[in-house]
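The chain contents come next:
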Amino acid sequence: MKTIIAANWKMNKTRAQAEDMTREVVASLKEQPVTDRTVLIFPPATALDCVSKDAGNVLETGIQNIYPAENGAFTGEIAPCMVHDAGGSWVLVGHSERRHIFNEPDDLITQKVNFTLAHDLKMMLCVGETLEERDAGQLRQVLSRQITSGLSGQGNAAVPSIAVAYEPVWAIGTGRTAGPAEIVEAHGIIRDVLRILFNKDADEVPILYGGSVKPGNAHEILSLDNVNGLLIGGASLEAQSFLAIVRA
Ligand code: PEP
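Our subject in this report is the structure included herewith.

Rules of the game
- Residues numbered from 1 in each chain as written.
- Predicted model: local features only at pLDDT ≥ 70, side-chain atom pairs only at ≥ 80, totals over all residues.
- Heavy atoms only, no water.
- Core = buried A, V, L, I, M, F, W, Y, C linked by side-chain atoms within 4.5 Å.
- Buried < 20%, exposed > 50% of the residue type's maximum accessible area, 1.4 Å probe, protein only.
- Helix = DSSP H or I, 4+ residues; strand = E, 2+ residues; numbered from the N terminus.
- Pairing = 2+ DSSP bridges.
- Right-handed = clockwise from strand over helix to strand, strands pointing away.
- Disulfide = S-S within 2.5 Å.
- Expected span 1.5 Å × (residues − 1).
- Arc of directions from axis to C-beta.
- Contact = heavy atoms within 4.5 Å.

## Some words on the nonpolar core
Membership of the largest hydrophobic core comes to 67 residues, with the highest contact counts inside it found for Leu151, Ile190, Leu194, Tyr209, Leu230 and Phe242. Per-element tally for this core: the top contributor is helix 8 (residues 180-198), with seven residues. Counting twelve residues, the second largest nonpolar core, distinct from the first, contains Leu40, Trp90, Ala163 and Leu208.

## Regarding the pairing of strand 3 (residues 60-63)
Here strand 2 (residues 37-42) pairs with strand 3 via two bridges, running parallel. Each residue of the ladder has a partner; that of Ile41, found in strand 3, is Thr61. In this fold, strand 2 hands off to helix 2 (residues 48-53), which returns the chain to strand 3; that crossover is right-handed. Inspection of the sheet shows strand 3 paired to strand 4 (residues 90-93) by two bridges, in the parallel sense. Looking at strand 4, one finds that Ile63 is bridged to Val91. In terms of handedness, the path from strand 3 via helix 3 (residues 80-85) over to strand 4 forms a crossover that is right-handed.

## Some points on the state of the cysteines
For the coordinates displayed, the defined rule picks out zero disulfides. There is no disulfide at Cys81, and the cysteine sulfur nearest it, in Cys50, is 19 Å away.

## Here we look at helix 7 (residues 139-151)
In this model helix 7 runs 18 Å from its N-terminal to its C-terminal C-alpha over 13 residues, within 8% of the 18 Å that 1.5 Å per residue would give. Within helix 7, the full set of buried residues consists of Leu139, Val142, Leu143, Gln146, Ile147, Gly150 and Leu151. All buried residues of helix 7 lie within an arc of 125° about the axis, which places them on one face of the element. Contact partners of the buried residues in helix 7: helix 4 (96-100), helix 5 (106-118), strand 5 (122-127), helix 6 (131-135), strand 6 (162-166) and helix 8.

Set out below in structure tokens:
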């Protein structure tokens, strides 16, 4: 499987700023191609259209959140047909900021997963424990619950459209990266749970690590067992830093 290097720009960048950075990244990737990696950007919804237009066959793009309805009276929300319309092919579901700042419960996340995959979009499900859950010895229980509730409605036919991102809540935007042993343990648990759901096909699901990834630690993290990519917040906001991770 191709390693996925994904940028989550969160609520950052105007359209002009998004375009500037996209052009710089695309120019670099055309000049020096990285053929064994999928490079993916989740811009804010307002910039998805312009980032997708500039993506030039070297980037994939997606939306940071979705609502599980075709259209209708859901003020502020975005439907799958709008993602297609803006040129996106991915949806990020269950990011820890959605779970913890916006209180998205597991059952809403399950609906988003199901709706995304039913609308011909690829779906990256974010999972991860809080520090309290980790300290209480609940790592396996939390990851197992989040993955099982998110993915148990899916058959093996959905596997090529699914990625999972492990993002320990205590490592996101905090400057604190999980250590190699912690990452290997969590990714191993995730692979075990995926095998329960998808048997042998589980090994085709990329598992990304996210949480304070930087150019300086990206290579080491990518070399760990069951790490098939990176999801990057802060260090993805600047072209040179993101490109250094893409090439790590
Ligand atoms: C994220 O929000 O997906 C993330 C990993 O953020 P950061 O890299 O800033 O920790």
